[in-house]
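The primary structure of each chain is shown beneath.
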Amino acid sequence: MASRHPAIRTGKAGFATKAIHAGQVPDPATGAVMQPIYQVSTYRQPGLGAGWKYDYARTINPTRGALERNLAALEGGLEARCFASGMSAIAAVMNLLKSGDHVVVSRNVYGGTYRLFEGLLRQFGLLFTWVDTSDLSAIEAAIRPATKMLYVETPTNPVLGLTDLAAAGRIARKHKLRLVVDNTFMSPYFQQPIALGADIVVHSTTKYLNGHSDSVGGCVVTTRPEDAQRIGWLQNTVGAILSPMDSFLVLRGIKTLPVRMERHDASGRKIAAWLDGRRKIAAVHYPGLKSHPQHALAKRQMSGFGGMIAFELGSLANAKKFLGRLELCALAESLGGVETLISHPASMTHGAIPKAERKRIGVTDGLVRISAGLEDVDDLIADLKQALAAV
Ligand SMILES: Cc1ncc(COP(=O)(O)O)c(C=O)c1O
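What you see is a predicted model; the values in this text were computed from it and never measured.

Things to note about the pairing of strand S12 (residues 367-371)
Thought 1: Burial runs high along S12: 5 of the 5 residues are buried.
Thought 2: Neither face of S12 is exposed, since Leu-367, Arg-369 and Ser-371 on one face and Val-368 and Ile-370 on the opposite face are all buried.
Thought 3: Pairing analysis gives 5 bridges linking strand S9 (residues 308-312) to S12, with the strands arranged antiparallel. Across the sheet, residue Ala-310 finds its bridge partner in S12, namely Arg-369.
Thought 4: Examined bridge by bridge, strand S11 (residues 341-343) and S12 share 3 bridges and lie antiparallel to one another. Within S12, the position partnered with Leu-341 by the bridge is Ser-371.

Pasting the structure below:
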């Protein structure tokens, strides 16, 4: 059943309206306004060969389907498919390639992505060249006849480097590559990679899309019919699907994505500005700061700067002292939840990257990453201030 609202049916509704309604209709059986959780593995079919749409829940589940339609609408894609984690979503995208294919990839990506590419996929004959994709000439220089994909994270985790997506899209089209963008940090609310030229968008839905630190998941949004068909086939064939409960939680989280992102952004700006003025902090990485080398690009390609900030405390000892003193902000992996999370990328999220490579991309032992939550920002700054006094 399609939505009764014409602006949703035609895709012309605003972002917040789509976040709440796209892909969903009141439950036909009861009128329930929330998508029911279809906690089921199989469906009774009316008769052999009756062409019943629902056959088996790895292949199709109504709760997951509602989330997938919603995500496709929010990213402006053709289809979305949801997976058991961000990593399984990324793995599905890489399964579009075959042995001997070459990928040009942002040299600073989430540590788990690096581990998947270098630790596993290389073993199956995929080839990777890691480049600073903020440098367009470096992308061009890395492309070879076997290159099939340009894989970009922007802003990057954790140092918040940006890639010019419109320019990357032009390079990808010129060389007939798929441009794949990990949009986890900005969410579709602040960044629309497909509108800028991406062919595929991936997310860890664990982060801002779910937004409440109570679900692990991922999604792939495709634009080309052949990719949509293949990602759907891979979802069913490999089977790393998102559960009905997790699909419900992400769908529920997305309903408040616009208001949450506004608040993450407002607090991110205030915290970054405060950190920027501290004598004990050598550098602050935040696209909203005028000192960020790509601040102009950030203003052009994103509609907000978000709540992710990284800063340099100079040494592991300083980072330990600071992190050990925090009372309100939680030392934890992950990001994008309602609560403020702080991590030490070198030993946590990016521990899978060899030390020399970490150093090259700026993930030093003194680097700390904040995911600004939705608490009162003055309370957050007070906590950071008292912890900084220990350094
Ligand atoms: C940018 C980015 N992409 C992908 C992932 C992987 O997602 P997941 O932890 O849901 O597997 C993460 C996890 O932190 C991430 O930060």
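Okay, back to it.
Details of the pairing of strand S6 (residues 200-204)
Regular strands place side chains that alternate from one sheet face to the opposite one.
Thought 1: Within S6, 5 of the 5 residues are buried, which leaves the element mostly enclosed by the surrounding structure.
Thought 2: Burial along S6 is two-sided: the face carrying Ile-200, Val-202 and Ser-204 and the face carrying Val-201 and His-203 are both buried.
Thought 3: Sheet topology places strand S5 (residues 178-182) next to S6; 3 bridges connect them, and they run parallel. Following the sheet pairing, Val-181 is matched in S6 by Val-201.

Let's talk about the packing of helix H3 (residues 62-75) against helix H11 (residues 244-255)
Thought 1: At their nearest, the axes of H3 and H11 sit 8 Å apart, and the two run at 35 degrees to each other. Remark: the crossing between H3 and H11 carries left-handed chirality. When H3 is examined against H11, the residues Thr-63, Arg-64, Ala-66, Leu-67, Asn-70, Leu-71 and Leu-74 are found in contact with a partner set consisting of Pro-244, Ser-247, Phe-248, Val-250, Leu-251 and Ile-254.

Some thoughts on the packing of aromatic side chains
Thought 1: A full pass over the atoms with the stated rule returns 10 aromatic pairs.
Thought 2: When the centroid spacing of 4.7 Å and the interplanar angle of 10 degrees are considered together, the rings of Phe-117 and Phe-128 count as stacked. Residue Phe-117 is found in helix H5 (residues 111-120), and its partner Phe-128 is found in strand S3 (residues 127-131); the two are separated by 11 residues along the sequence. Comparing Phe-117 with Phe-128 shows no difference in burial state: the two are buried.
Thought 3: Ring geometry for Phe-117 against Trp-130: centres 6.1 Å apart, planes inclined by 40 degrees, an arrangement best described as tilted. Of this pair, Phe-117 sits in helix H5 while Trp-130 is found in strand S3, placing the two residues 13 residues apart along the sequence. Each member of the pair, Phe-117 as well as Trp-130, carries the same accessibility label: buried.
Thought 4: A connected cluster of aromatic rings, assembled from ring pairs, spans Tyr-114, Phe-117, Phe-128, Trp-130 and Tyr-151.

Comments concerning H3
Thought 1: In this model, H3 (14 residues) spans 20 Å end to end at C-alpha, consistent with the 20 Å of a helix rising 1.5 Å per residue.
Thought 2: The buried fraction of H3 is high, at 12 of 14 residues.
Thought 3: Of all the residues in H3, the buried ones are Pro-62, Thr-63, Arg-64, Gly-65, Ala-66, Leu-67, Glu-68, Asn-70, Leu-71, Ala-72, Leu-74 and Glu-75.
Thought 4: Capping the start of H3 is the job of one residue whose side-chain oxygen sits 2.8 Å from the backbone nitrogen of Thr-63: Asn-61.

Description of the confidence of the model for the protein chain
Thought 1: Residues of the protein chain with pLDDT of at least 70 account for 100%, and the chain-wide mean is 96.
Thought 2: Taken element by element, the protein chain is modelled with least confidence in helix H1 (residues 6-9), mean pLDDT 84, and with most confidence in strand S7 (residues 218-222), mean pLDDT 99.

A few points about the side chain of Lys-255
Thought 1: When you line up the elements, Lys-255 lands in helix H11.
Thought 2: For Lys-255, which is buried and forms no salt bridge, the nearest opposite charge comes from Asp-27, at a distance of 13 Å.
Thought 3: Of the polar contacts made by the side chain of Lys-255, one reaches the backbone oxygen of Ile-20; its length is 2.9 Å.
Thought 4: Not counting chain neighbours up to four residues away, the residues in contact with Lys-255 comprise Ala-19, Ile-20, Gln-24 and Met-34.

Regarding unusual backbone geometry
Thought 1: Put simply, Thr-154 and Pro-155 share a cis peptide bond, and its omega is -10 degrees.
Thought 2: When you line up the elements, Pro-155 lands in the loop between strand S4 (147-153) and helix H7 (165-174).
Thought 3: Each neighbour pair has its own omega, and for Asn-157 with Pro-158 the value is 10 degrees, a cis peptide bond.
Thought 4: If you trace the backbone, Pro-158 turns up in the loop between S4 and H7.
Thought 5: With a phi close to 70 degrees, Ser-187 is a non-glycine residue in the positive phi region.
Thought 6: In this structure, Ser-187 sits in helix H8 (residues 187-190).
Thought 7: A relative accessible area of 1% means that Ser-187 is categorised as buried.
Thought 8: Of note, the phi angle at Ser-213 is positive, near 50 degrees, even though the residue is not glycine.
Thought 9: Tracing the backbone through its elements, the reader meets Ser-213 in the loop between S6 and S7.
Thought 10: Since its relative accessible area comes to 43%, Ser-213 is described here as partly exposed.

Rules of the game
Residues numbered from 1 in each chain as written. Predicted model: local features only at pLDDT ≥ 70, side-chain atom pairs only at ≥ 80, totals over all residues. Heavy atoms only, no water. Buried < 20%, exposed > 50% of the residue type's maximum accessible area, 1.4 Å probe, protein only. Helix = DSSP H or I, 4+ residues; strand = E, 2+ residues; numbered from the N terminus. Pairing = 2+ DSSP bridges. Axes fitted to C-alpha atoms, helices over the stretch in contact; angles between N-to-C directions. Left-handed = near helix turned anticlockwise from the far one by under 90°. Contact = heavy atoms within 4.5 Å. Phe/Tyr/Trp six-rings, centres within 6.5 Å; stacked < 30°, edge-to-face > 60°. Expected span 1.5 Å × (residues − 1). Polar contact = N/O pair within 3.5 Å; in protein donor to acceptor, adjacent residues only side chain to side chain. pLDDT = per-residue confidence, 0-100. Lys, Arg positive; Asp, Glu negative; His and termini not counted. Salt bridge = Lys/Arg side-chain N within 4 Å of Asp/Glu carboxyl O.

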